[in-house]
Amino acid sequence: MSQINLNSLKSLIIFKVLYETGTATRTAKDLGITQSGVSRSLALLEENIGMPLFTRYKKRLITTPEADELYGEILGLLGNLEEMKHSIVALREFGASRIRLAAVPGLGFAFVPQVIAAVLGINSGYNISFDILTSSEVVRAVEAGQFDAGFVTLPVSSQTLIVDKICEVEAVCLVPIKHPLANKAQISTDDFKDQHLVIPNQPNLAADQLLMHIAKSNIRISGKTEANIAAICSLVAHNVGMSLINPITAYDLANLDKVAIRPFKPAVNYSFGLVYKRSWSGNQFIKLLKENLPAVPKPL
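Values in this document were obtained by computation on a predicted structure and should not be read as measured data. (Residues numbered from 1 in each chain as written. Predicted model: local features only at pLDDT ≥ 70, side-chain atom pairs only at ≥ 80, totals over all residues. Heavy atoms only, no water.)

**Student:** Would you mind going over helix α6 (residues 111–122) with me for this structure?
**Tutor:** In an α-helix, one turn spans 3.6 residues, which is why side chains three or four residues apart end up on the same side. For α6, built from 12 residues, the straight-helix expectation of 16 Å at 1.5 Å per residue is met to within 8% by its first-to-last C-alpha distance of 17 Å. Buried within α6 are the following residues: F111, V112, V115, I116 and V119. Down the axis, α6 shows its buried residues gathered within 135° of arc, on one side only. (Helix = DSSP H or I, 4+ residues; strand = E, 2+ residues; numbered from the N terminus. Expected span 1.5 Å × (residues − 1). Buried < 20%, exposed > 50% of the residue type's maximum accessible area, 1.4 Å probe, protein only. Arc of directions from axis to C-beta.)

So, in structure tokens, the structure goes:
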């Protein structure tokens, strides 16, 4: 196949107008160029593609079948260019439009979806991919470029990411609503004596510290159930036992008709953050994420 050289979009536009008007005179007038310029452009285009696009009949230009097909292709090309122009305007105003976002389970069930909904309410043009991973997985995925930003449990260590702290909360205790301890205004480590404990089946700050307190105080529990964090509130609601989790997850998932949420002492502090690459530090999407964080709930 011989080489085809299309050096200028201008020559395609001249051909398009010439195809539509049928005369070099009208094309020159519409485009504000000389008639000889139209003729030279057409001759060069025909030479480059290696085929005639018009035949001459009584001073009029008659399109060839090849010209008909080329005209359709040019319309498609110009349509794509128009879409690209709108995309560039959106990039200039809002930044990148295709966003890959990840979050730890503690924030992933309602907290981050609320943030996403708020951001899309401001700019519905974003295309967002969202997944729930562990904190270490979020960090590695953002570092590797598999995600653009992520919500994590602090502290995290990264040499390449910006880490912005977004909130700090104290863990709360979940108690079945009909359990005698639900009447207490505050739950302590001693209250777990002879109780069944419901804890996450992955490393968890609150659960780890609670087990440490229980061990140090020689408190005997009746047993424990380990489960995905998404199931913990439901297990407590079904009277399986008591749990200690962060309040964001608690209020996102708990059925308050069946679960009491109470403060816990000694306090177990959670910190959450947003991680992203330094190249995203001025991005509008990151700014919108941080400006539209939901309020952190307080225990009842």
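**Student:** Hey, could you run me through the environment of E137 in this one?
**Tutor:** With respect to the helices and strands, E137 occurs in helix α7 (residues 135–143). Take E137: its relative accessible area is 34%, and that puts it in the partly exposed class. A polar atom in the side chain of E137 sits 3.0 Å from the backbone nitrogen of T134. (Polar contact = N/O pair within 3.5 Å; in protein donor to acceptor, adjacent residues only side chain to side chain.)

**Student:** What's the story with the pattern of salt bridges in this structure? I'm lost.
**Tutor:** Close approach of charged atoms lets side chains of opposite charge pair. Counted according to the given criterion, the structure contains 10 salt bridges. With a closest N to O distance of 3.1 Å, D30 and R26 form a salt bridge. Placement of the pair is D30 and R26 together in helix α2 (residues 24–31), with a separation of 4 residues, close to one helical turn. On the basis of relative accessibility, which here comes to 42%, the residue D30 falls in the partly exposed class. (Salt bridge = Lys/Arg side-chain N within 4 Å of Asp/Glu carboxyl O.)

**Student:** Teacher, can you tell me more about the nonpolar core here?
**Tutor:** Looking at soluble globular proteins, one finds that nonpolar side chains tend to be buried together. Ranked by size, the top nonpolar core spans 46 residues in total, and within it L107, F192 and F272 carry the most contacts. Ignoring sequence-local partners within four residues, the contact set of F272 consists of V104, L107, V152, T153, L154, D164, K165, I166, C167, V169, N246 and I248. Counting 16 residues, the second-largest nonpolar core is a separate cluster that includes F15, V38, L61 and A67. (Core = buried A, V, L, I, M, F, W, Y, C linked by side-chain atoms within 4.5 Å. Contact = heavy atoms within 4.5 Å.)

**Student:** Whenever I open this one, the sheet that holds strand β7 (residues 172–176) confuses me. Can you help?
**Tutor:** Strand-to-strand pairing in sheets goes through backbone hydrogen bonds, with the strands running parallel or antiparallel. Overall, mixed pairing links the 4 strands, which are arranged β8-β12-β7-β11 in an open sheet. Each edge of the sheet is formed by a strand with only one pairing partner; in this case those strands are β8 (187–188) and β11 (243–245). Two elements, β7 and strand β12 (residues 259–265), share 5 bridges in a ladder whose sense is antiparallel. Pairing of V172 across the sheet is with P263, part of β12. Here helix α9 (residues 229–237) sits on the sheet and contacts β7, β11 and β12; the angle it forms with β7, its principal contact strand, is near 40°. (Pairing = 2+ DSSP bridges. Axes fitted to C-alpha atoms, helices over the stretch in contact; angles between N-to-C directions.)

**Student:** Any chance you could explain the side chain of K16 here in plain terms?
**Tutor:** The residue K16 is located in helix α1 (residues 9–21) in this model. The contact partners of K16, leaving out residues within four places of it in the chain, are Y71, I74, L75 and L78.

**Student:** Looking at this structure, how should I read the state of the cysteines?
**Tutor:** Two cysteines whose sulfur atoms are joined by a covalent bond form what is called a disulfide. Scanning all chains against the criterion turns up 0 disulfides. There is no disulfide at C167, and the cysteine sulfur nearest it, in C233, is 17 Å away. The structure places no disulfide on C233, whose sulfur is separated from the nearest cysteine sulfur, that of C173, by 11 Å. The exposure class of C233 is buried, given its relative accessible area of 2%. (Disulfide = S-S within 2.5 Å.)

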